[in-house]
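Tertiary structure, described
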Amino acid sequence: MQPSAFPQLSTKINNKLPTFLENSTKWESILRNFDAASIEASSESKTPAAITKHTAQQILARDRVVLLRDPGTPFLELCGFAGHELEESSPSASLVAGIGVVSGIICMILAHIPSLHGGAWNEFTVLKQNRITAIASENNIPLIALVQSAGVFLPQQFKVFHKGGQIFRDLALRSKNGQPSCAVVFGSSTAGGAYHPALSDCTIFVKDQAQVFLGGPPLVKMATGEIAEAEELGGADMHSTVTGLSDQLAGDELDAIRQARAWVLTTSAVQHQESHRDSGIEMLEPKYNIEDLLGIVNPDIRMPLDMMEVLLRIVDDSRIMLFKPQFGKGMITAWAHIHGHLTGIIANQNPVILPNESDKATQFIRLCNQGRKPIVFLHNVTGFMVGVTTERAGLIKKGAQLVSAVSTSTVPHISIICGASYGAGNYAMCGRAYGPRFLFSWPTSRCSVMGPDQLGGVMETIARGSAARAKRTVVEEELVASVGKFKDQVRKDSDPYHTSAHLLDDGVIDPRDTRDVLGMCLEVVTIDPVVGNAGFRGLARI
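Residues numbered from 1 in each chain as written. Predicted model: local features only at pLDDT ≥ 70, side-chain atom pairs only at ≥ 80, totals over all residues. Heavy atoms only, no water.

**Quick word on the overall build of the chain**
To keep it simple, the criterion reads: In this text, helices come from DSSP runs of H or I with a minimum length of four residues, and strands from runs of E with a minimum of two, each type numbered from the N-terminal end. This radius of gyration counts C-alpha atoms alone. The globule rule is 2.2 Å times how many residues there are, raised to the power 0.38. A simple rule labels every residue: compare its accessible area, found with a 1.4 Å probe on the protein chains alone, to the largest value its type can have, and call it buried under 20%, exposed over 50%, or partly exposed in between. Between two residues, a contact is recorded if the distance between any of their heavy atoms is within 4.5 Å.
Broken down by element type, the chain carries 21 helices and 18 strands. Since a compact globule built from 542 residues should have a radius of gyration of about 24 Å, the 26 Å found for the chain is in line with a globular shape. Its C-alpha atoms put the chain at 80 × 70 × 50 Å along the principal axes. The 542 residues of the chain split such that 54% are buried. A fraction of 76% describes how many contacts in the chain between residues 6 or more apart in sequence connect residues 24 or more apart.

**Here's the deal with the layout of surface pockets**
Quick note on the threshold: Grid spacing is 1 Å over the protein atoms alone, the probe is 1.4 Å, and a cavity is where that probe fits but cannot get out, while a pocket is an open set with protein on both sides within 12 Å along at least five of seven lines and lining residues have an atom within 4 Å of a point. Grid points are joined across faces, edges and corners, and a volume is the space filled by probe spheres set on the points. For this classification, Asp, Glu, Lys and Arg are treated as charged, while Ala, Val, Leu, Ile, Met, Phe, Trp, Tyr, Cys and Pro are nonpolar and the rest, including Gly, are polar.
Size it by volume and the second largest pocket reaches roughly 580 Å³. Asp 300, Ile 301, Arg 302, Tyr 422 and Arg 446 are, among the 26 residues lining the second largest pocket, the residues nearest its centre. Top element by residues in the lining of the second largest pocket is helix α18 (residues 452-469). It accounts for three residues. A per-class count over the lining of the second largest pocket returns twelve nonpolar, eight polar and six charged.

**As for helix α21 (residues 514-525)**
Going by this rule: Between the first and last residue of a helix there are one fewer steps than residues, each counted as 1.5 Å, and that sum is the expected span.
Compared with an ideal rise of 1.5 Å per residue, which puts twelve residues at 16 Å, α21 spans 16 Å between its outermost C-alpha atoms and is within 8% of the ideal. Of the positions making up α21, those classed as buried are Thr 514, Arg 515, Val 517, Leu 518, Gly 519, Met 520, Cys 521, Leu 522, Val 524 and Val 525.

**Quick word on the pattern of salt bridges**
Just so we agree on the cut-off: The salt bridge criterion pairs a side-chain nitrogen of Lys or Arg with a carboxyl oxygen of Asp or Glu, the two atoms within 4 Å.
Taken as a whole and judged by the stated rule, the model has 25 salt bridges. Two residues, Asp 488 and Arg 491, come together in a salt bridge whose shortest N-O distance is 3.0 Å. Taken together, the residues Asp 488 and Arg 491, both in helix α19 (residues 476-494) and three residues apart, mark about one turn of the helix.

**Some points on empty space enclosed by the protein**
Take a probe with the size of a water molecule and roll it over the atoms, and the empty space left behind shows itself. Evaluated as defined, the whole model comprises two cavities of 30 Å³ or more. Considered as a void within the structure, the largest cavity measures approximately 60 Å³ in volume. Lining the largest cavity we find Val 297, Asn 298, Asp 300, Ile 301, Met 303, Pro 304, Leu 305, Asn 380, Cys 418, Gly 419 and Thr 444. For the lining of the largest cavity, the class distribution of residues is six nonpolar, four polar and one charged. One number sums up the size of the second largest cavity: a volume of about 40 Å³.

**Things to note about the pairing of strand β11 (residues 331-338)**
This is how the line gets drawn: When DSSP finds at least two bridges between two strands, those strands are taken to pair.
In terms of residue burial, β11 counts as a mostly covered element, since seven of its eight residues are buried. Direction of pairing for strand β10 (residues 320-322) relative to β11: antiparallel, over a ladder of three bridges. Among the inter-strand pairings, Met 321 is bridged to a residue of β11, identified as Trp 335. Pairing of β11 with strand β12 (residues 341-348) involves eight bridges; the strand directions are antiparallel. Bridge pairing links Ile 332 to Ala 347 in β12.

**Comments concerning unusual backbone geometry**
A positive phi angle is found at Glu 85, which is not glycine, with a value near 60 degrees. Positionally, Glu 85 belongs in the loop between β1 (76-77) and β2 (95-102). Positive phi, normally seen in glycine, also occurs at Lys 324, with a value near 50 degrees. For Lys 324, the location among the structural elements is in the loop between β10 and β11.

**Notes on the sheet that holds strand β5 (residues 181-185)**
For clarity, the threshold we go by: Comment: axis = line fitted to C-alpha atoms, over the contacting stretch for helices; angle = value between 0 and 180 degrees taken between N-to-C directions.
Ordered in space as β1-β2-β3-β4-β5-β7-β9, the seven strands form an open sheet in which the pairing is mixed. Two strands bound the open sheet, and with one partner strand each, they are β1 and β9 (248-250). In the sheet, strand β3 (residues 105-112) pairs with strand β4 (residues 143-147) via four bridges, with the strands oriented parallel. From the neighbouring strand, Ile 109 faces β4, where its bridge partner is Ile 144. Its contacts with the sheet place helix α3 (residues 61-68) against β1, β2, β3 and β4, and it is angled at close to 165 degrees to β3.

**Quick notes on the nonpolar core**
Side chains that are nonpolar tend, in soluble globular proteins, to be buried together. Selection rule: Among the buried residues, those of types Ala, Val, Leu, Ile, Met, Phe, Trp, Tyr and Cys that are joined through side-chain atoms within 4.5 Å form a nonpolar core.
Core analysis: the biggest nonpolar cluster contains 77 residues, and Leu 78, Ile 99, Met 108, Phe 438 and Phe 440 have the highest contact counts within it. The biggest single contributor to this core is α21, with seven residues. For Phe 440, the residues in contact, after removing those within four places along its chain, are Leu 76, Leu 78, Ser 415, Ile 416, Ile 417, Asp 506, Gly 507, Ile 509, Val 517 and Cys 521. Within the second largest apolar cluster, 27 residues are counted, among which are Val 65, Leu 68, Ile 113 and Ala 260.

**Some points on the packing of helix α14 (residues 355-370) against helix α16 (residues 395-408)**
Each pair of packed helices can be described by the angle between their axes along with the distance between the axes. To keep it simple, the criterion reads: Oblique is the label for every angle not falling under 35 degrees (roughly parallel), over 145 degrees (roughly antiparallel), or within 65 to 115 degrees (roughly perpendicular). Less than a right angle of anticlockwise turn of the near helix away from the far helix marks a crossing as left-handed, whereas a clockwise turn marks it as right-handed.
Look at α14 against α16: their axes get within 9 Å of each other, and the N-to-C directions meet at 25 degrees. By the angle between their axes, α14 is roughly parallel relative to α16. Between α14 and α16 the crossing geometry is left-handed. Contacts between α14 and α16 involve Pro 355, Ser 358, Asp 359, Ala 361, Thr 362 and Ile 365 from the former and Leu 395, Lys 398, Gly 399, Gln 401, Leu 402, Ala 405 and Val 406 from the latter. Residue composition of the contact of α14 with α16, by class: seven nonpolar, four polar and two charged.

Structure follows, in C-alpha cells:
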C-alpha cells in the first residue's frame, strides 16, 4: 500500500481561542436535540404495549436487521427521518432501511416495522421505499427485504396507491437487469405486501408466521362468501408445498435470517464486489481531530464557514491536491482520498458564486469525468451573486454552464449540506433535483429558495409596491405580522429535519460522522466502474 503523494496541508485553527470554545458550547444543545430526534425517529411503536405484544412472539424490525448483518460492521441508515413529526406518517415512515454488510457483501437492507400499524404503507413509506430501491439499483447492490406488511394504509389510499405501484415495477426491473432481490417474509403480508415477495428473485417464508395473500380471510368472505383460515389461504406451508411462491421454508426467524445470509453468497455480487476492492492507497486518518469541527463551525449559518478547515478533518492524512487555488478562491476544487477512495471535491469557501468560481467548478467537473472520479459537493451557498458587475460578466451564462455540467456529469455525485443551500446555488452544487447518489444534511443546515430574512424582505417589498400602485395605505401592524408569519413558515420548511421528513435528503448526520458517511458512500458508488461523460473529453477549460 502506497501513501498519497498529495501535499499535507496545515490548519490555521487555534482551539484555545474564545470563538472556538463558544462554537463548541453552542453545538451541545444542537447535538442533544439531534440525539433526541434520532431516538424518536427510531421508535418502533408509539405505545410500549405494542412493543410488548410484538416481542412476545416475534423479533423487532431493527433487531432483525442487526441479526442479518455481519457482526462489527458499519450500517449506514438511510432516510431515517422520513415522516419525522408528520401527522400523516410514522417514525422512520414505518420502514427501516440502510446499507450494511451481509456475508461479506455490501447490501441494501429494508425492514417493515410491523409494530407500527402492522407495517402498513403510508405516503412516506412508499416514497422512502422507492428512494431506497433507486439507491440499490443505481449502485448495483443486492436488496434484502424483511417483509411483514399489511399493504396500503387504507385511510391514505389515494396518496399511496398510485406511487406504490413503482415498488413492484422497480423489483421487476431489478430482475431484468440482473440485480438480485430477496424477500424474507416474517408475518402477515397482504395485498401490496404480497406482491413484494412474489416479485423478488428469492423468497424465504417463516413457518407458522408468514402469511401471504391478495386478500385476507375477511375480504375473501365478503367478496366470495368463502370461509378460510389464514394458514389455509396463504400460510407458509401452503406456499411452500402448493403454490411454490416460497423458495425456502424456515423453521423460525433466526433460521430465515441464516438462509438470507446464505442466499447472498449465491449471487453474482460476490465476484462483482471482490473484483473492485483494494485501491492500492494506504488509508490514513486525518491529521486533525474531526471533533474540532464543533469549534470551527458556527451553528449560525449566517456566519463564515472555512470549508478548507472542514476538509482537513475529513480527508485521509489531511492531504489535498488543490485545483486552481489562486483563481476563483470562493470555490474550493480539489482531489483527495477519503477512506482510500480518490475523489474530486467541490466546496463553497464563499457562500456566493461569482463568475470565476463558476468557470472553475465547471472545468473541474469535466476533469473529474475525464479522470472517472466521483465528486463530493460540500454546500454552504446562498446563490449566485447579483448586481450590474456580475450580470455584465455573463454570470447567467457561466452559471448555466455550471448547472449543465452538474446535470450531464455521469460520475457519481455525493452531496453534504453543511450550511446554507439556497436557490440556484443548490442546483449548482448538486441538490436533490440533480440526482446525487447520496445527499445528507448537517443538523444546522438550511435548504430553501433563499433565507427567511431575504424572502421576508422580498415579500414586504412586493406588498408595499402593490399597495402603492393601488393607492392603498399600508397597515404597518398587519404587514409586519404577515411577513413575520411567512418567515416563520420558511424557517420551518427549510429546517433539515423537516426537509428530511419529506425525503428531500437521505438523512441528517452529526458533522463528526461526515468522513465515515462519505467513506461508506464512496465504497458503494465505486462498486461499478466509474464512467465519465464522453462529451467532456475535449479540453476541459473550453
